[in-house]
Amino acid sequence: MSAIVERAGFLTSVQDVGRTGFREAGVSTSGALDSFALRVANLLVGNDERAAALEITLGGLRLRFNDERIVAWCGGEFDVQVNSRSLPPGHGAHLQVGDELKFGLPKVGCRAWLAISGGIDVPVVLGSRSTDLRANFGGFEGGALRDGDQLSLGPRPGSPTPARGISSWTAPHDWVSPARLDPTLRFVRGCHWERFNSSLGAGALAKEATLQRFTSEAFTVSPDSDRMGVRLDGPELRRTDESDLISEAVAPGTIQVPPSGKPILLLGDCQTIGGYPKIAHVITVDLAVAAQLRAGDHVRFSEVSHTDAQRLLLEREREFDRFRVGISLQSA
């Protein structure tokens, strides 16, 4: 019960929903940068939603299976094929022994999450099967997959996908294909917002202009971006309160502003503390879109209230609960 990695692609790793409960010890969350997409893909193949799957960056992955499996993927606009058949996002496919699954290059976005019925069977480290690519532990031998690797798979669960075919039904489009051209990410104000805003003297005009640039002008994703964070080029964000800060907690979604004035949007592999001022936090439901940003993309930011951020997350979870029930009925 295994899958053979005939070609590993640019960067493919084993990830689940992440490693929680250890940030106070300096251990990053890791996990799928879009954990919601991973949860959806897992339900589509009959897995527990937290099961380990594959995160594929910029395509190039080729897998061959030595037993029957159900697969489904979510993410950017990739050309994915099972042998010569196209496999769209959010649809389960029943693979036979010897079938080959191929990911081409993405047209929009840069990442996809592939769930395989039974899940990827790798050891649990600190409560998770996720790969910490910076610390080199977890996942498959602590790092990215390589050509020729053989991935052990868990026992096949019951699946909603019919034998010998591709399911005709799917999850909502925004769940399975969240990549956007020139997206706008919603945020709530960070605890250091006022360091970029003041009501005193001429400096107030400068700070007002800084915040106006942050919310009205586009930023460009720098090539110097990875799973730790997205570095952004564009309007320089200057603060007038330049007193030193004590390092404090940061999390995926935090937007820090280093002395260069070029913001950094932190992602799943980010450090646990930081000393740069935190101007904002991208809301949880928009982290799926942030995970698809690649070099050269343009992105804007729009402020929402904490109340709206919480409402959007709760609404999505309620819809996901209904989706889970629907999946269970398909499997019955």
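Everything numeric in this text was worked out from a predicted model, so none of it was measured.

1. Quick look at the environment of Gly-18
So, point 1. Looking at the secondary structure, you find Gly-18 in the loop between strand E2 (11-15) and helix H1 (35-44).
So, point 2. For Gly-18, a relative accessible area of 2% gives the class buried.
So, point 3. When the C-alpha positions of Gly-18 and Leu-54 are compared, they lie 13 Å apart, and in sequence the two are 36 residues distant.
So, point 4. Once residues lying within four places of it in the same chain are set aside, the contact partners of Gly-18 are Thr-29, Ser-30, Gly-31, Ser-128 and Ser-130.

2. Remarks on the sheet that holds strand E13 (residues 219-221)
So, point 1. Read around the closed barrel, the seven strands follow the order E12-E19-E16-E17-E14-E13-E20; overall the barrel is mixed. Averaged over all pairs of adjacent strands, the angle between their axes in this sheet comes to 40 degrees, without regard to strand direction.
So, point 2. Where E13 meets strand E14 (residues 229-233), two bridges bridge the pair, whose relative direction is antiparallel. Within the sheet, the bridge partner assigned to Thr-220 lies in E14 and is Asp-233.

3. What about unusual backbone geometry?
So, point 1. Here the phi dihedral of Leu-126 falls at roughly 50 degrees; this positive angle occurs in a residue that is not glycine.
So, point 2. Its identity is not glycine, yet Asp-182 carries a phi of approximately 50 degrees, on the positive side.
So, point 3. For Asp-182, the location among the structural elements is in the loop between helix H2 (173-176) and strand E12 (184-189).
So, point 4. Take Asp-182: its relative accessible area is 55%, and that puts it in the exposed class.

4. What to know about the environment of Gln-212
So, point 1. As for its position among the elements, Gln-212 is in helix H3 (residues 203-216).
So, point 2. Judged by relative accessible area, which is 51%, Gln-212 ranks as exposed.
So, point 3. Each C-alpha atom, one on Gln-212 and one on Lys-278, is 16 Å from the other, the two residues being 66 residues apart in sequence.

5. Some remarks on the sheet that holds strand E10 (residues 111-116)
So, point 1. Spatially, E2-E3-E10-E5-E8 is the arrangement adopted by the five strands of the open sheet, whose pairing is antiparallel. Edge positions in the sheet fall to E2 and strand E8 (93-95), since each has one partner strand and no second. Pairs of neighbouring strands in the sheet enclose a mean axial angle of 30 degrees, with direction left out of account.
So, point 2. Relative to strand E3 (residues 53-57), E2 runs antiparallel, the two sharing five bridges. Residue pairing in the sheet places Val-14 in a bridge with Leu-54 of E3.
So, point 3. On the sheet, H1 packs against E2, E3, strand E5 (69-75) and E10 and is oriented at approximately 155 degrees with respect to E5.

6. A look at H1
So, point 1. Most of H1 is tucked away: nine of the ten residues are buried.
So, point 2. Of the residues making up H1, those classed as buried are Phe-36, Ala-37, Leu-38, Arg-39, Val-40, Ala-41, Asn-42, Leu-43 and Leu-44.
So, point 3. Looking one or two places after H1, you find Gly-46, whose phi comes out positive at around 90 degrees.

7. Section: the nonpolar core
So, point 1. If you look at the biggest cluster of nonpolar residues, it comprises 48 residues, and the most contacted ones within it are Val-40, Leu-185, Phe-214, Leu-265, Ile-279, Phe-301 and Phe-323.
So, point 2. The element contributing the most residues to this core is H1, with seven residues.
So, point 3. Non-local contacts of Ile-279, meaning those with residues more than four positions away in its chain, are made with Arg-189, Gly-190, Trp-193, Phe-196, Leu-211, Phe-214, Leu-237, Ile-255 and Val-257.
So, point 4. Counting 29 residues, the second largest nonpolar core, distinct from the first, contains Val-80, Leu-87, Leu-101 and Leu-151.

8. Observations concerning the pairing of strand E19 (residues 278-282)
So, point 1. Most of E19 is tucked away, with four of its five residues classed as buried.
So, point 2. Pairing of strand E16 (residues 254-256) with E19, which is carried by three bridges, proceeds in the antiparallel orientation. Bridging from a neighbouring strand, Gln-256 pairs with Lys-278 of E19.

9. Examining the packing of aromatic side chains
So, point 1. A complete count under the given rule lists 14 aromatic pairs for this structure.
So, point 2. Between Phe-214 and Phe-219, the ring centres sit 6.2 Å apart and the planes meet at 65 degrees, which makes this aromatic pair edge-to-face. For the pair shown, Phe-214 and Phe-219 are each scored as buried.
So, point 3. Judged by centre distance (6.3 Å) and plane angle (40 degrees), the ring pair of Phe-320 and Phe-323 falls under tilted. A residue pair is termed a helical-turn pair when its members lie 3 or 4 positions apart in one helix, as Phe-320 and Phe-323 do in helix H5 (residues 306-331) at three residues.
So, point 4. Pairwise contacts between aromatic rings join Phe-187, Trp-193, Phe-214, Phe-219 and Phe-301 into one cluster.
So, point 5. In this structure, Arg-39 packs its charged tip against the face of Phe-320, placed 4.3 Å from the ring centre.
So, point 6. Its end group placed over the ring of Phe-36, Arg-316 keeps NZ or CZ at 3.9 Å from the ring centre.

Calculation rules
Residues numbered from 1 in each chain as written. Predicted model: local features only at pLDDT ≥ 70, side-chain atom pairs only at ≥ 80, totals over all residues. Heavy atoms only, no water. Helix = DSSP H or I, 4+ residues; strand = E, 2+ residues; numbered from the N terminus. Buried < 20%, exposed > 50% of the residue type's maximum accessible area, 1.4 Å probe, protein only. Contact = heavy atoms within 4.5 Å. Pairing = 2+ DSSP bridges. Axes fitted to C-alpha atoms, helices over the stretch in contact; angles between N-to-C directions. Core = buried A, V, L, I, M, F, W, Y, C linked by side-chain atoms within 4.5 Å. Phe/Tyr/Trp six-rings, centres within 6.5 Å; stacked < 30°, edge-to-face > 60°. Lys NZ or Arg CZ within 6 Å of the ring centre and 35° of its normal.

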